[in-house]
Amino acid sequence: MAPGIVSPQRSFEQDSASSGPARLDASKLRVTKTLHPSKLPPAEDLTFGSHHTDHILQVRWTSEHGWQTPQIAPYQHLALDPAAAVLHYGFECFEGMKAYRDAWGSVRLFRPEVNLDRLNRSAARIALPTFDADELLKLIARFVKLEERFIYGKPGYSLYIRPVIIATNSNLGVAAPTSALLYCIACPVGPYFSAGFKAITLEAASSVVATRAWPGGAGNHKIGGNYAPCIAPEKAAKARGFQQLLWLFGDDDRITEAGTMNLFIVLRTEQEGCFELITPPLDGMILPGVTRDCVLSLARERLAPSGWTISEREICMSEVVHAAGVGKLVEVFGTGTAAVVSPIRAIKYRDTLVQCGLSRHQSAGAITALFKEWIEARQYAVEEHPWSVPVSEIS
Ligand SMILES: *Cc1c(COP(=O)(O)O)cnc(C)c1O
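About the cut-offs
Residues numbered from 1 in each chain as written. Predicted model: local features only at pLDDT ≥ 70, side-chain atom pairs only at ≥ 80, totals over all residues. Heavy atoms only, no water. Helix = DSSP H or I, 4+ residues; strand = E, 2+ residues; numbered from the N terminus. Buried < 20%, exposed > 50% of the residue type's maximum accessible area, 1.4 Å probe, protein only. Contact = heavy atoms within 4.5 Å. Areas by Shrake-Rupley, 256 points an atom, 1.4 Å probe, with all protein chains shown as cover. Lys, Arg positive; Asp, Glu negative; His and termini not counted. Charge placed at Lys NZ, Arg CZ, Asp CG, Glu CD. Expected span 1.5 Å × (residues − 1). 1 Å grid on protein atoms, 1.4 Å probe; cavity = no way out; pocket = protein on both sides within 12 Å on 5 of 7 lines; lining within 4 Å. Points joined across faces, edges and corners; volume = space filled by probe spheres on them. Nonpolar A, V, L, I, M, F, W, Y, C, P; charged D, E, K, R; others polar. Domains from an automatic or database assignment. Near = heavy atom within 4 Å. Polar contact = N/O pair within 3.5 Å; in protein donor to acceptor, adjacent residues only side chain to side chain. Sits in = over half its atoms within 2 Å of the grid points. Axes fitted to C-alpha atoms, helices over the stretch in contact; angles between N-to-C directions. Parallel < 35°, antiparallel > 145°, perpendicular 65-115°, else oblique. Left-handed = near helix turned anticlockwise from the far one by under 90°. Arc of directions from axis to C-beta. Phe/Tyr/Trp six-rings, centres within 6.5 Å; stacked < 30°, edge-to-face > 60°.

Caption draft 1: Molecular detail of the overall build of the protein. In terms of regular secondary structure, the protein is built from eight helices and 19 strands. Taken over the C-alpha atoms alone, the protein extends approximately 85 × 50 × 40 Å along its principal axes. Sorting the 395 residues of the protein into buried and exposed places 52% on the buried side. Counting only contacts in the protein whose residues sit at least 6 apart along the sequence, the fraction spanning at least 24 positions is 71%. Total accessible area on the protein is roughly 18,700 Å²; 54% of this is exposed by carbon and sulfur atoms. Averaged over its 39 positive side-chain charges, the protein has a centre that lies 4 Å from the centre of its 40 negative ones.

Caption draft 2: Spatial organisation of the environment of Lys154. On the secondary structure map, Lys154 appears in the loop between helix H4 (133–146) and strand S8 (158–167). Here the alpha-carbon distance between Lys154 and Arg101, two residues 53 residues apart in the chain, equals 8.0 Å. Residue contacts for Lys154: discarding those within four places in its chain leaves Ala43 and Tyr380.

Caption draft 3: Structural context of helix H5 (residues 228–239). Taking 1.5 Å of rise per residue, the 12 residues of H5 would be expected to cover 16 Å, and the 18 Å separating its terminal C-alpha atoms lies within 8% of that figure. Looking at the buried positions of H5, the neighbouring elements they touch are strand S10 (200–205) and strand S11 (244–249). Of the residues trailing H5, Gly241 is marked for its positive phi of about 100 degrees.

Caption draft 4: Main features of the layout of surface pockets. There is about 980 Å³ of room inside the largest pocket. Among the secondary structure elements, those contributing two or more residues to the lining of the largest pocket are S8, H5, strand S13 (261–268), helix H6 (290–302), strand S16 (329–336) and strand S17 (340–349). Tallied by class, the residues present in the lining of the largest pocket amount to 15 nonpolar, 13 polar and eight charged. Residue-level mapping places the lining of the largest pocket at the junction of two domains, with at least three residues from each of domain 1 (10–191) and domain 2 (200–379).

Caption draft 5: Spatial organisation of the site of the ligand. The environment of the ligand is formed by 14 residues, the closest being Lys222, Tyr227, Glu257, Thr291 and Thr337. Within the side chain of Tyr227, one N or O atom sits 2.5 Å away from an oxygen atom of the ligand. Side-chain polar atom of Thr337 to an oxygen atom of the ligand: 2.6 Å apart, as the coordinates give it. In this structure the site holding the ligand corresponds to the largest pocket. Where the shell around the ligand is concerned, the elements lending two or more residues are S13 and H6. Of the residues in the shell around the ligand, the class split is four nonpolar, six polar and four charged.

Caption draft 6: Fine view of the environment of Arg292. Among the secondary structure elements, Arg292 is positioned in helix H6. For the pair Arg292 and Val341, spaced 49 residues apart in sequence, the C-alpha separation works out to 9.4 Å. Each residue touching Arg292, except ones within four places of it in the same chain, is listed here: Asn262, Phe264, Thr279, Pro280, Pro281, Leu282, Ile286, Leu287, Glu312 and Thr335.

Caption draft 7: Up close: empty space enclosed by the protein. The final tally for this structure, using the stated rule, is three cavities of 30 Å³ or more. Roughly 110 Å³ of internal volume is contained in the largest cavity. Lining the largest cavity, in full, are Gly96, Met97, Lys98, Tyr100, Phe110, Asn115, Val290, Thr291, Cys294, Thr337, Ile375 and Gln379. Contributions of two or more residues to the lining of the largest cavity are made by strand S6 (97–101), H6 and helix H8 (366–379). Split into classes, the residues belonging to the lining of the largest cavity amount to six nonpolar, five polar and one charged.

Caption draft 8: Focus on the packing of helix H3 (residues 112–125) against H4. The N-to-C vectors of H3 and H4 enclose an angle of 125 degrees; their axes lie 10 Å apart at closest approach. Relative to H4, H3 is oriented oblique. In the crossing of H3 with H4, the sense of the turn from one axis to the other is right-handed. Residue-level contacts link Pro112, Leu116, Asp117, Leu119 and Asn120 of H3 to Ala133, Leu136, Leu137 and Ile140 of H4.

Caption draft 9: Region of interest: helix H7 (residues 317–325). Taken together, the buried positions of H7 are Met317, Val320 and Ala323. Take H7 and look down its axis: the buried residues cluster within an arc of 125 degrees, on one side only. What points out from H7, more than 90 degrees from its buried face, is the exposed set Ser318, His322 and Gly325. Buried-residue contacts for H7 involve S11, strand S12 (254–258), S13, S16, S17 and strand S18 (352–355).

Caption draft 10: Region of interest: the packing of aromatic side chains. Throughout the structure, instances matching the rule amount to 12 aromatic pairs. With a centroid separation of 6.5 Å and 55 degrees between ring planes, the pair formed by Trp61 and Trp67 is classed as tilted. For Trp67, a relative accessible area of 7% corresponds to the buried category. For the ring pair Phe333 and Phe371, a centre distance of 5.8 Å and an interplane angle of 35 degrees mean the geometry is tilted. With Phe333 in strand S16 and Phe371 in helix H8, this residue pair connects regions lying 38 residues apart in the sequence. By the ring-pair criterion, three or more aromatic residues cluster together here, those being Tyr100, Phe110, Tyr380 and Trp387.

Written out as structure tokens, the structure reads:
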């Protein structure tokens, strides 16, 4: 045999003897392109999740063999056994991340490694398989490059990327999954606030009425089971005229999150001309948002030097009500990948409507708007920053 050529039989034996279940390996990717590329939707039609791109990235896993050959194929339905564990016990976790086109036409991912680490933590929490995040990042970069034409080069436009892991084994016992599917789809999206900011009003829900997360639970993970139980209470709040719920916890009505956003509060402090930016701490009941982390990081970098206090601390409704009463509640906003920041006009709490610092004609506070500008500058690489990773550099 010529040097360098190994008999297939021998190399197979070596592989299986040395490595156990296979690791996720992006170099094995197989790509089958669609023969029917879809027409690009008109830019003004891109409401969240209304369109999807032409392909799906899929990787199967079994406990015996590990991660199998990654495939990019034309977008298609999944075939699942009706007994698949995901359909019965909710073995599902997901991520939401975005790709952007910069002013030079290059496509960039924003802090993708943070999303993929979080996906691994979510998977581990519900006994789904974990993976080598660098390999999944390479696969997602390939997928995004293939779908590049769906990323419009206009301010506010992006490609929303949705990686998912589900359990596919079909034995009905409640146990750790023995087979799973990791897949990724993507949706072109337009600006969340197409006609300028729109401030929303929240209804504060005491945890006696409805609870999203609790100590020792799984509210700090992006797992499907956390979301469906929130919809009925949210629907009831909407019927009363409020756009989203503010989830409180405990006898002292501690603030946790609003809808599916992390919450930030700006208070004027005792010291003349000084402010405190507050968000609840990552105590296991808060989803560790990437946008939350961006706000904290930018605040520590750019606001702390001019005397701001940046606090990850517990804050109760009584403190917010008091601050509003004495004119110290400056701004409240939510954060998340979809909207970046979402201004909050008022919070209904017990019998009062707490005004959150906006005048009648104002749709966002100055600090809220500033964070949106700062974060978007890095997302679209107006400000070159390591948070934004060109897909061409991922391989
Ligand atoms: C995804 C999510 C957020 C926001 O996280 P980002 O990483 O900023 O998008 C906040 N709260 C909940 C419950 C979430 O699911």
